[in-house]
Amino acid sequence: MEKKHLFSLRSLPIGKILLLFLLIYIALLAIPYIQHKNVSVSYQKKFAKQSFYSDTAGTERVAYINDNTDALLYRLHMLDEAKDEIILSTFDFNADKSGQDMMASLLHAADRGVSVRILVDGISGFLDVKRNPWFQALASHENVSIRIYNPINLLKPWNLQARMHDKYVIVDQKMYLLGGRNTTNLFLGDYSRSKNIDRELFVYETAENDSSSIRQLTDYFESVWALSDSKEYTCKKMTKKIQSCKAKLENRYTSLKEKYPDAYSTWDYEALTLQTNKVSLLSNPIKSENKEPWMWYSLHQLMMQGEQARIYTPYIICGKEMYQDLTELHEKNIPVEISTNDVASGANPWGCTDYLNQKKNIWETGARVYEFMGAHSCHTKAVLIDDRMSIVGSYNMDMRSTYQDTELMLAVDCPELNSIIQAEMERDKTYSKTMGNDSEYDYGENYHSKDLSFGKKIFYAILRVITIPLRRFL
């Protein structure tokens, strides 16, 4: 009898073997996230739409920070005010000039006996933090603890998609910052010609309140900190280079006091902040896995309560469920306006590419989209409902923020804050173009078109094809 040979990798050329392993790896990377989850009945039942409003003044006051230098000053001031504890959570942390400003201030606080805990996402942990002598110098202090959320592990591709996208700073259970700013030159200070326009909220607690948003945020941090997904980052050996970085950080703190004297003066928090009725925290699930879309569900439910909704988002990458929800708002006669970046000024190539492919589908939901062309790319994430509710934080209107990443937004019942952000959006409309009723663009009075370079046109033409099967992971 003729002997039959079983299939063996040995019989395949090396190129086909590598291709087979690549396909298996991509499958392990993608399959856990192909099927979008639905929001559980238990979450729907506990989500009380009316609980985000109050008819009386609350104990928390807010300041609206829309300037990168002010954002750095607030951080330096808060860290210098700390007496007991500092918590910093960030998606991206670079050892650039603003990052070193932050590290110098954190190190000085640790020298004063303040407990410092830092959470960084695994991508920044891999690209920016791992083996970096500046972060090693910070981690070497006995009062500093650093953990990396879901560190990059190429041997576990099924974990690579889930990221921690939160950005906040908490000081002494008394004050905090929360928004969309990463800890880099693009977002903090005036260190770079290239910037991102962003907004965030400073929240100040005037009295102890067990249900306050600062308690909610602290409990949230403790939950993420305690996860097995959050791995400790330490300085194992104090080399000469690390010692040099530590000495430079200590010297940098002295220069910061000279460079930014306003950050180290006495601040009148009452004068700087607005009275609120209520501040509430919205979040996604925290484990590094395919997630129920808590954030999008919450935002949609709150928008369904209103008579008008306005959305700031750097880019738009909607799944079919999100398209259906936008269409439902239109059918309920709740007009939706979305301010996003013009493709020529957008900083995220994936978001720009998907908009080129999907903009007609977005318009068909009934949402009116304003394509913003400002001096810099807009990184703001916010939702305004009528003239009272403002929701600001880290959530992009995309499938990654909806189903894969941790996200935080603050829902603030405060007519005065809402009025400030609405005025900014009206100003930004003058720098935007929008599709009119005649299928032609209408242009704001301050809009100046910017042509894509030939190279970018080719780049986007290629991406428009490549991203079609990948868009739910962007």
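Let me begin by describing the structure that accompanies this report. Values in this document were obtained by computation on a predicted structure and should not be read as measured data.

What counts, and where the lines are drawn
Residues numbered from 1 in each chain as written. Predicted model: local features only at pLDDT ≥ 70, side-chain atom pairs only at ≥ 80, totals over all residues. Heavy atoms only, no water. Axes fitted to C-alpha atoms, helices over the stretch in contact; angles between N-to-C directions. Helix = DSSP H or I, 4+ residues; strand = E, 2+ residues; numbered from the N terminus. Parallel < 35°, antiparallel > 145°, perpendicular 65-115°, else oblique. Contact = heavy atoms within 4.5 Å. Nonpolar A, V, L, I, M, F, W, Y, C, P; charged D, E, K, R; others polar. Buried < 20%, exposed > 50% of the residue type's maximum accessible area, 1.4 Å probe, protein only. Pairing = 2+ DSSP bridges. 1 Å grid on protein atoms, 1.4 Å probe; cavity = no way out; pocket = protein on both sides within 12 Å on 5 of 7 lines; lining within 4 Å. Points joined across faces, edges and corners; volume = space filled by probe spheres on them. Polar contact = N/O pair within 3.5 Å; in protein donor to acceptor, adjacent residues only side chain to side chain. Salt bridge = Lys/Arg side-chain N within 4 Å of Asp/Glu carboxyl O. Core = buried A, V, L, I, M, F, W, Y, C linked by side-chain atoms within 4.5 Å. Phe/Tyr/Trp six-rings, centres within 6.5 Å; stacked < 30°, edge-to-face > 60°.

**A look at the packing of helix H10 (residues 294-305) against helix H11 (residues 320-331)**
Contact pair H10 / H11: the axes reach a minimum separation of 10 Å and the direction vectors enclose 10 degrees. Classed by the angle they form, the pair H10 and H11 counts as roughly parallel. Contact residues: Trp296, His300, Met303 and Met304 in H10; Met322, Asp325, Leu326, Glu328 and Leu329 in H11. The residue inventory of the contact of H10 with H11, partitioned by class, reads 6 nonpolar, 1 polar and 2 charged.

**Focus on the pairing of strand E3 (residues 115-121)**
Burial analysis of E3 places 6 of its 7 residues in the buried class, which makes it a mostly covered element. Summarising the sheet, strand E2 (residues 85-90) and E3 pair through 6 bridges and their orientation is parallel. Counted as the bridge partner of Leu88 is Ile118 from E3. As judged from the 6 bridges shared by E3 and strand E4 (residues 144-149), these two strands associate in the parallel manner. Bridge assignment links Asp121 to a residue of E4, and that residue is Tyr149.

**Regarding the layout of surface pockets**
For the second largest pocket, the calculated volume is near 470 Å³. For the lining of the second largest pocket, the element with the highest residue contribution is strand E11 (residues 278-283), accounting for 5 residues.

**A closer look at the side chain of His36**
Here His36 shows up in the loop between helix H1 (14-34) and helix H2 (41-46). Reaching out from His36, the side chain makes a polar contact with the side chain of Arg472 at a distance of 3.2 Å. Non-local contacts of His36, meaning those with residues more than four positions away in its chain, are made with Glu321, Met399, Tyr403 and Arg472.

**Observations concerning unusual backbone geometry**
For Asn333, which is not glycine, the phi dihedral falls at a positive 60 degrees. Looking at Asn333, the relative accessible area reads 67%, which means it is exposed. Despite not being glycine, Asp386 shows a phi value in the positive range, around 55 degrees.

**Here we look at the environment of Phe93**
Within the fold, Phe93 resides in the loop between E2 and helix H4 (97-111). Distance in space between the C-alpha atoms of Phe93 and Ile146 is 12 Å, their sequence separation being 53 residues. The residues touching Phe93, leaving out its near neighbours within four places in the chain, are Leu88, Gly99, Met102, Met103, Ile118, Val120, Ser124, Asp128, Val129, Phe135 and Thr183.

**Some thoughts on the sheet that holds strand E6 (residues 175-179)**
Read across the sheet, 9 strands follow the order E9-E4-E3-E2-E5-E6-E8-E1-E10 without closing on themselves; strand pairing throughout is mixed. Each end of this open sheet is capped by a strand with a single partner; those strands are strand E9 (230-233) and strand E10 (274-275). Of the pairings in the sheet, the one linking E2 to strand E5 (residues 168-171) comprises 4 bridges and is antiparallel in character. Bridged to Ser89 within E5 is Tyr168. Packing of helix H14 (residues 415-429) onto the sheet brings it into contact with strand E1 (60-65), strand E8 (200-205) and E10, and relative to E1 it is tilted by some 10 degrees.

**Considering the sheet that holds strand E15 (residues 368-372)**
Neighbouring strands of a sheet are bound in pairs by backbone hydrogen bonds; such pairs are parallel or else antiparallel. Here we have 9 strands laid out as an open sheet, ordered E11-E20-E18-E17-E12-E14-E15-E21-E22, and mixed in their pairing. Both outer strands of the open sheet, E11 and strand E22 (441-443), are each paired with one neighbouring strand and no more. Between one strand and the next, the sheet's axes are offset by a mean angle of 20 degrees, whatever the strand orientation. In terms of strand pairing, E15 meets strand E21 (residues 432-435) through 3 bridges, oriented antiparallel. The partner of Phe372 across the bridge, within E21, is Ser432. H14 contacts strand E12 (309-312), strand E14 (336-341), E15, strand E17 (382-385), strand E18 (389-393), strand E20 (408-413) and E21 of the sheet and is inclined by roughly 65 degrees relative to E12.

**Comments concerning the pattern of salt bridges**
All told, the structure shown has 24 salt bridges when counted by the stated rule. The partner of Asp190 in a salt bridge is Lys195, with the nearest N and O atoms 2.6 Å apart. Of the residues examined, Lys195 reaches a relative accessible area of 19% and is grouped as buried. Asp428 serves as the salt-bridge partner of Arg199, at 3.5 Å between the closest nitrogen and oxygen. Separated by 229 residues along the polypeptide, Arg199 in the loop between strand E7 (196-197) and E8 and Asp428 in helix H14 bring together distant segments of the chain. Residue classification places Arg199 among the buried residues on the basis of a relative accessible area of 2%. In this structure Asp428 comes out as buried when scored by relative accessible area, which is 3%. Beyond isolated ion pairs, a larger network of salt bridges with shared partners links Arg199, Glu424, Arg427 and Asp428.

**Thoughts on the nonpolar core**
The biggest cluster of nonpolar side chains holds 54 residues, and the ones touching the most others in it are Ile86, Ile118 and Phe202. When neighbours within four sequence positions are excluded, Ile118 is seen to be in contact with Leu88, Phe93, Leu106, Leu138, Val144, Ser145, Ile146, Arg147 and Trp225. Counting 46 residues, the second largest nonpolar core, distinct from the first, contains Phe47, Leu302, Tyr460 and Leu463.

**Observations concerning the packing of helix H3 (residues 68-81) against H4**
At a closest axis distance of 9 Å, the pairing of H3 and H4 adopts a crossing angle of 10 degrees. Taken together, the axes of H3 and H4 lie roughly parallel to each other. Where H3 abuts H4, its residues Leu72, Arg75, Leu76, Leu79 and Asp80 lie against Asp101, Met102, Ser105, Leu106, His108 and Ala109. Here the residues of the contact of H3 with H4 are counted per class, giving 6 nonpolar, 2 polar and 3 charged.

**Description of the packing of aromatic side chains**
This structure, assessed with the given rule, holds 16 aromatic pairs. Look at Phe47 and Tyr297: their rings are 5.9 Å apart centre to centre, the planes differ by 75 degrees, and that puts the pair in the edge-to-face class. Of this pair, Phe47 sits in the loop between H2 and E1 while Tyr297 sits in helix H10, placing them 250 residues apart in sequence. When sorted by exposure, Phe47 lands in the same class as Tyr297, which is buried. Consider the rings of Phe93 and Phe135, whose centres lie 4.9 Å apart with planes at 90 degrees: the pair is edge-to-face. In this pair, Phe93 sits in the loop between E2 and H4 while Phe135 sits in helix H6 (residues 133-139), placing the two residues 42 residues apart along the sequence.

Honestly, that's just the spatial picture; any functional story needs more than this.
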